[in-house]
Amino acid sequence: MKRRVLCWAVGVLVGWMGWLGGAIWGADSAKTSPSTPAKWNFIFFLIDDLGWTDLGCYGSDLYQTPAVDRLAREGMRFTSAYAACTVCSPTRAAVLTGKYPARLHLTDWIPGHQRPNAPLQIPAWRKFLPLEEITLAEALRKAGYFTAHIGKWHLGPEGFWPTDQGFQVNIAGCHLGQPPSYYWPYERGKLRLPNLALTPETEHMYLTDRLAEEAVRLIRAHAQEPFFFYIATYQVHTPIEPKKEYVPKYEAAVRPGMKHCNPQYAAMVQSMDELVGRVLTVLDELKLTDRTVIFFTSDNGGLTRGGRQWPNPTNNTPLREGKGSCYEGGVRVPLVVRWPGAARPGSACDEPVISVDFFPTILEIAGLANPLKAEEQDGISFVPMLKDPQARLPREAIYWHYPHYHPGGATPYGAVRARDWKLIEFYEDMHVELYNLQEDISETTDLAAKMPEKGAQLRQMLHQWRESVGAQMPQPNPNAPKPTP
C-alpha cells in the first residue's frame, strides 16, 4: 500500500513538473523551440539626400563607402530604384505605409515652401502622417517584433512622432528635417534633438557616431527577440558639417575632372558609412548576420544646389539635376538589399522599384499578411526579384505627384515611368516631356513632339492614376501677377 502511494506521489510530482516546464517552454517557444524557425530581423537604413552615385558600389570617384560596398557584395544592388518623391517627408511616409504620397495627401517636405505669387496655388495638403495609417512598425510590433526608430523622423509635430506610430523606442526623431548641428550638443538656439541625454561616454560625440552608438546598444539589448530597426540618418543632409579630421584626406584626393569634388561632403558620406559598418559589426559579433535582412536606400536624389551657405554638395551625373527636381537626379536613388540565403551575393537588378514597395516586401519576408485594403495597396513586393534578378513585377508603371514649388527649381508636376518610358506633365501649362530612359538616362532628348501617341498613352495612364488615388491638384492662383501684353 505504501509503495502504491509513493508511486502515485512521484507520478503527480513528475506530472506537475512536466506541466510547469511545458508552460514555461510554451511561453518562450517562439524564441527557443527547435521546431520553430527564428523570425527574420529587419534593419532599414534610410539615408537623407544620398544621391544615386554617392557610393563606391555605384561609381563614386571620391567617396569611400566600404561598409555599404560590403552589403552590395553580399546582397543585391538595384539600378532603377526610386524614391516616392523628390523631397523627404513624402518618401518617408510612403516607406512606412506602402501608400503613394498622393494617396496620403502628404506631398511635400514638412512644412513646405510658400510661393504666394506663383501661377498656381498649392492644395491644402497634410503636414503629418495620420495616426490611422498602419505603419510597418505597427504591423511588425503586432507580430512580436521589437521596434526602434533612430535618427530623422520629419513626419509631423509632437503627437505624431515615432512612438505614436508603432515604435517602442525613439532616438532623436522629431519634427525637424535637419539637425540643428552635427556637433555636440546637437542644438541651435532652442532647437534640440530629443532622447539624446548627455553621458560621460557620449559627451562631444559627433551626431552620426552617437546614433551609431545608440543603434549598437539597442541591438545588443534586444538580440534575443525579433527586431525592426528603422535607422534614418540625418546624414548627409545639410548643414555640411563633417568631422573636421576627415576632410584633409579628401582635399588631397580631389583631382581636375572628377565627378565628385566636395571634400566636406565626402567626409560626411564617410561618417554615414561608418554608422552602417558599426551595425554590421555588431550583427557579426552577435551571430545575427544570417538572420537579419538589411535594406539600404535614400529618401530622394542628391542635393546639387548648395546655395549661398555651401558649395554644391554632390553631382548626380549621368542623371539630370537633383533633389527637388522632376528629373532622374531628383528621384532615382541607390538601393541595396542583403537577404542571406535568398538574394544572390553581388547581383544586380534593373527592374524599377519605388518606396511604396518596401512595405509589402518586408511583410512577405516576415511571413505576414498585408493589413491594407486591396484598393489601398500601392506597393508590390519585390521578393521575386530578390530571389531572381531577372524577374519582373506585375505592374505597368510607377508614378509621382508633386503639386508644389521647390526652392531647388521644381514647379508642380506629375510623372509616370512605364518600362523604358518616362513622361513628365508640368501643371502650370500642362505641357509634357517624354524620354526613353533606356537610351537616354540623362533625359537630354525630349521625344514628346516626335511621339505624340506614346505621350498621349502615358498621359492618360497618369491621369487615371491620379484619379484613383485621389491626388490633390493645384489651382490657378488669383494672387499671381497678370501677364503683360
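Reading guide: rules and limits
Residues numbered from 1 in each chain as written. Predicted model: local features only at pLDDT ≥ 70, side-chain atom pairs only at ≥ 80, totals over all residues. Heavy atoms only, no water. Buried < 20%, exposed > 50% of the residue type's maximum accessible area, 1.4 Å probe, protein only. Helix = DSSP H or I, 4+ residues; strand = E, 2+ residues; numbered from the N terminus. Pairing = 2+ DSSP bridges. pLDDT = per-residue confidence, 0-100. Contact = heavy atoms within 4.5 Å. Axes fitted to C-alpha atoms, helices over the stretch in contact; angles between N-to-C directions.

Participant: Mind showing me how you'd approach the pairing of strand S14 (residues 413-418) here?
Facilitator: Strand residues, when the strand is regular, have side chains that alternate between the two faces of the sheet. With 6 of its 6 residues buried, S14 lies for the most part within the structure. Across the two faces of S14 the burial is the same, with Tyr413, Ala415 and Arg417 and Gly414, Val416 and Ala418 all buried. Where strand S13 (residues 398-402) lies against S14, 5 bridges are found, and the strand directions are antiparallel. Its bridge partner lying in S14, Tyr402 is registered against Tyr413. Pairing analysis gives 6 bridges linking S14 to strand S15 (residues 421-426), with the strands arranged antiparallel. Bridge assignment links Ala418 to a residue of S15, and that residue is Trp421.

Participant: Any chance you could explain the confidence of the model for the chain here in plain terms?
Facilitator: Low pLDDT means the predicted atomic positions in that stretch should not be read closely. For the chain, mean pLDDT is 91; residues scoring 70 or higher make up 92% of the total. The model gives residues 1-35 a pLDDT under 50, and that stretch makes 6 contacts with residues more than four places away or in other chains.

Participant: What exactly am I supposed to notice about the sheet that holds S13 here?
Facilitator: Pairing between sheet strands relies on hydrogen bonds along the backbone, with the strands arranged either parallel or antiparallel. Strand order across the open sheet formed by 4 strands is S13-S14-S15-S16, with antiparallel pairing between neighbours. Every interior strand has two partners, whereas the edge strands, S13 and strand S16 (431-436), have only one. Averaged over all pairs of adjacent strands, the angle between strand axes in this sheet comes to 10 degrees, irrespective of strand direction. Across the sheet, helix H12 (residues 452-469) is in contact with S13, S14, S15 and S16; its angle to S15 comes to roughly 65 degrees.

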